[in-house]
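Chain and residue survey
If you want the building blocks of each chain, they are given just below.
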Amino acid sequence: MLAPRWDSASYLANSTGGGNPAKKGAATFSYITTLTLSAKQGAEEQAEAAHIRQAFLVPQDTKPYMSAKKVPGQTVEEPLHRTVSSDRNDKNRSEAVKQCKRYWGPNYASGGKECDEYPFASTYEGAAQPQYDPDAKKFNFSVKPIPRDDNQAGGLILKSFYAKNRIIDGLEDGFTVSIVA
């Protein structure tokens, strides 16, 4: 049996205990959990899930190109880790958008698209990871313009996943991603 962890991170539910400090926070078990996304036709996050599936199965066909690309988050040995640093999230997103513009041009978002990135901008493994970790491989991420609605739906699912599973900031609390077809 795993020992539970008690946390009261300000970005998670019940961080104040409703004004009663004795009741703030919540317990969770420290284990790697899985975010499941659907690539099925009609799923609200379908385009995002299809993009991630491509990054998992044929990374050499994703942008930016890197011959030895192997994106994390597929196994418990190489999980993803949440960061709540707005600076790091912004840098991850900025690096991803730079690559969308590089490969699809400055108008990549025309027609109601957004630049989808995997690993997610809200993770330590995001596109800007080499700026923070000298051992990280450059371009070990994938970007692709996808419909804005799919990208935003995927973002809401991820945000809900973080909250429901009490995924906290740091390298001690990892998660994986699974795509169902």
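Scroll up to find the structure this text is about.
The sections below set out a description of the structure shown in this document. Just so you know, these numbers come straight off a predicted model, no measurement behind them.

Moving on, we come to the nonpolar core. Formed by 19 residues in total, the largest nonpolar core has its most connected members in Leu35, Leu37, Phe120, Phe175 and Val177. Elements that contribute at least two residues to this core include exactly strand S3 (33–38), helix H1 (46–57), helix H4 (148–164) and strand S7 (174–180). Within the second largest apolar cluster, 7 residues are counted, among which are Ala96, Ala127, Phe141 and Val143.

Among the 7 residues that make up S7, 5 are buried, leaving the element largely enclosed by the rest of the structure. Pairing between S3 and S7: 6 bridges, direction parallel. Counted as the bridge partner of Ser38 is Val180 from S7. As judged from the 2 bridges shared by strand S4 (residues 80–81) and S7, these two strands associate in the antiparallel manner. Opposite His81, over in S7, you have Gly174 as the bridge partner.

Rules used in this analysis
Residues numbered from 1 in each chain as written. Predicted model: local features only at pLDDT ≥ 70, side-chain atom pairs only at ≥ 80, totals over all residues. Heavy atoms only, no water. Core = buried A, V, L, I, M, F, W, Y, C linked by side-chain atoms within 4.5 Å. Buried < 20%, exposed > 50% of the residue type's maximum accessible area, 1.4 Å probe, protein only. Helix = DSSP H or I, 4+ residues; strand = E, 2+ residues; numbered from the N terminus. Pairing = 2+ DSSP bridges.

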